[in-house]
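Fold and contact review
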Amino acid sequence: MTQIKTGIASYGLSGQVFHAPFIAEHQGFELTAVCERSNMLAHERYPDATVVRSFDELLSLDNVELIIVNTPDVTHFDFARRALEAGKHVVVEKPFTNTVEEGKELIDLAAKRGKMLCVYQNRRWDADFLTVKELLANKRIGRLVEFESVFSRYRNYIQPDTWKEREAGMTYNLGSHLIDQCLALFGQPESVFADITIMRDDGLVDDYFIIHLFGSAKAPDLRITLKAGYLMCEPEPRFILHGTEGSYVKYGWDKQEALLKQGFAPDTPDWGIETEDEWGWLHTESGRTKYPSQRGNYLGFYEAVYQCIRNGTPIETDAREVLHVIRVIEAAKESSRLKKIVRL
């Protein structure tokens, strides 16, 4: 197995939690370099990795094949473009870009250079989402008629000294996950109706959204609702599915992020496995029972990256597919501004 020499553009929370542990765990990758402007945290945890002080220095390392662009959202387009121009494969954090036009430009550049360009939509490997996929594949609730997906957050103040409270907004941040999961399941919708706003005092960027999608390619009659907010002290169900033969309701969160933040490694026994009390409920005419959750596995993302780069296997989070997420976000923003349904 020829390892993919990998460089991480930032060693903040994202680098420490979502990328470095999996790159170090997967035998197909080598954590070659990490960009830290002033600290040496990466060296303490990964002493064999080179610490560089700038993104330009990271790009100048000829042995690095893959760059992880996990910097603030506003830098995604520029950093991904520069990495592709330097002849690197690229993984971009969500949101892919701020506009569809930026995304198209990067996709064209990746094709021209013959490089992989994909988006880190890790929540396709959440336990709850994998369970929803399995439940729908087995038609456990018949024909699906209503699908609701919610990220409940509670932070009733503006977090100081973070770019996410000044530049990003919840629709691009959490909305990228919810929309991506939806498109992966049901394809691109025909139209969007959304309400996006700021609810917290002194907020600068949107911290609430509810997005309705209609006419999805694989389920044209399905009604889809996506919702997130920072003033949801009482969590709503993570998923609610209603079908012609029953319903499925799931509370709680995939536990992988929490484990990573606590310092656990992906090789921890029972990684990503939910206990029975964490399972969702399946309610059909036969009764109401716990429905076993699938195993969450963020390492699956990096396995897909490895197979794509080394074996040419198509990757499901290819930028050409994830670009539709940005298209839906743009339509949702327009819908909220105009207060009307927007067709795609």
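Let me sum up the structure you'll find in this document.

Each value, and the rule that gives it
- Residues numbered from 1 in each chain as written.
- Predicted model: local features only at pLDDT ≥ 70, side-chain atom pairs only at ≥ 80, totals over all residues.
- Heavy atoms only, no water.
- Pairing = 2+ DSSP bridges.
- Helix = DSSP H or I, 4+ residues; strand = E, 2+ residues; numbered from the N terminus.
- Polar contact = N/O pair within 3.5 Å; in protein donor to acceptor, adjacent residues only side chain to side chain.
- Contact = heavy atoms within 4.5 Å.
- Axes fitted to C-alpha atoms, helices over the stretch in contact; angles between N-to-C directions.
- Core = buried A, V, L, I, M, F, W, Y, C linked by side-chain atoms within 4.5 Å.
- Buried < 20%, exposed > 50% of the residue type's maximum accessible area, 1.4 Å probe, protein only.
- 1 Å grid on protein atoms, 1.4 Å probe; cavity = no way out; pocket = protein on both sides within 12 Å on 5 of 7 lines; lining within 4 Å.
- Points joined across faces, edges and corners; volume = space filled by probe spheres on them.
- Nonpolar A, V, L, I, M, F, W, Y, C, P; charged D, E, K, R; others polar.

1. Concerning the pairing of strand β14 (residues 287–291)
Pairing analysis gives five bridges linking strand β13 (residues 280–284) to β14, with the strands arranged antiparallel. Its bridge partner being in β14, glycine 280 is matched across the sheet by tyrosine 291. From the end of β13 to the start of β14, which pair antiparallel, there are two residues.

2. Quick notes on the environment of lysine 250
Note on placement: lysine 250 falls in strand β12 (residues 246–250). For the pair lysine 250 and tryptophan 281, spaced 31 residues apart in sequence, the C-alpha separation works out to 6.4 Å. Within the structure, the side chain of lysine 250 is placed 3.4 Å from the side chain of glutamate 274, a separation counted as a polar contact. Within the local environment of lysine 250, its side chain forms a polar contact with the backbone oxygen of glutamate 278, the two atoms lying 3.1 Å apart.

3. Re the sheet that holds strand β11 (residues 239–243)
Taken together, the nine strands give an open sheet; going across it, the order is β14-β13-β12-β11-β7-β10-β9-β8-β15, and neighbouring strands pair in mixed fashion. Each edge of the sheet is formed by a strand with only one pairing partner; in this case those strands are β14 and β15 (342–343). Against the sheet, helix α7 (residues 170–186) engages β7 (144–152), β8 (191–197), β9 (208–216), β10 (219–229) and β11, with an angle of about 155° to β10. Along the sheet, helix α10 (residues 319–338) contacts β8, β9 and β15; its crossing angle with β8, the most-contacted strand, is approximately 65°.

4. Some details on the sheet that holds strand β4 (residues 66–69)
Two modes of strand pairing occur in sheets, parallel and antiparallel, and in both the strands are linked by backbone hydrogen bonds. The six strands lie next to each other as β3-β2-β1-β4-β5-β6, forming an open sheet whose pairing is parallel. Single-partner strands in this sheet number two, and they are β3 (50–52) and β6 (117–120). Across the sheet, the mean angle separating the axes of adjacent strands is 25° when strand polarity is ignored. Pairing of strand β1 (residues 4–8) with strand β2 (residues 29–35), which is carried by five bridges, proceeds in the parallel orientation. Opposite isoleucine 4, over in β2, you have phenylalanine 29 as the bridge partner. Against the sheet, helix α9 (residues 299–311) makes contact with β1, β2, β4, β5 (89–93) and β6, and its axis sits at roughly 180° relative to β6, the strand it touches most.

5. A short note on the nonpolar core
Counting 68 residues, the largest nonpolar core has Phe96, Leu117, Phe147, Phe186, Ile211, Leu226 and Leu241 as its most contacted members. Other than its neighbours up to four places away in sequence, leucine 241 contacts Val132, Leu135, Leu136, Ile141, Leu144, Glu146, Phe147, Gly246, Ser247 and Tyr248. Among the nonpolar cores identified, the runner-up in size contains 34 residues, and Val17, Ile68, Trp125 and Ile309 belong to it.

6. Here's the deal with the pairing of β13
Where a strand is regular, its side chains alternate between the two sheet faces. Here β12 runs beside β13; their pairing, made up of four bridges, is antiparallel. Each bridged residue has a counterpart across the sheet, and for glycine 246 the counterpart in β13 is threonine 284.

7. Remarks on the layout of surface pockets
Quantified by volume, the largest pocket comes out at close to 1300 Å³. Lining the largest pocket we find 46 residues, and of these Leu13, Ser14, Phe18, Trp163 and Lys164 sit closest to its centre. Those elements giving two or more residues to the lining of the largest pocket turn out to be α1 (13–25), α4 (76–85), α7 and α8 (256–261). Among the elements that make up the lining of the largest pocket, the one with the highest residue count is α1 (five residues). Here the lining of the largest pocket is built from residues that sort into 17 nonpolar, 16 polar and 13 charged. Taken as a whole, the second largest pocket encloses approximately 320 Å³ of empty space. Lining the second largest pocket we find 14 residues, and of these Leu136, Leu144, Phe186, Lys218 and Ala219 sit closest to its centre. Breaking the lining of the second largest pocket down by element, the ones donating at least two residues are α6 (127–137), α7 and β10.

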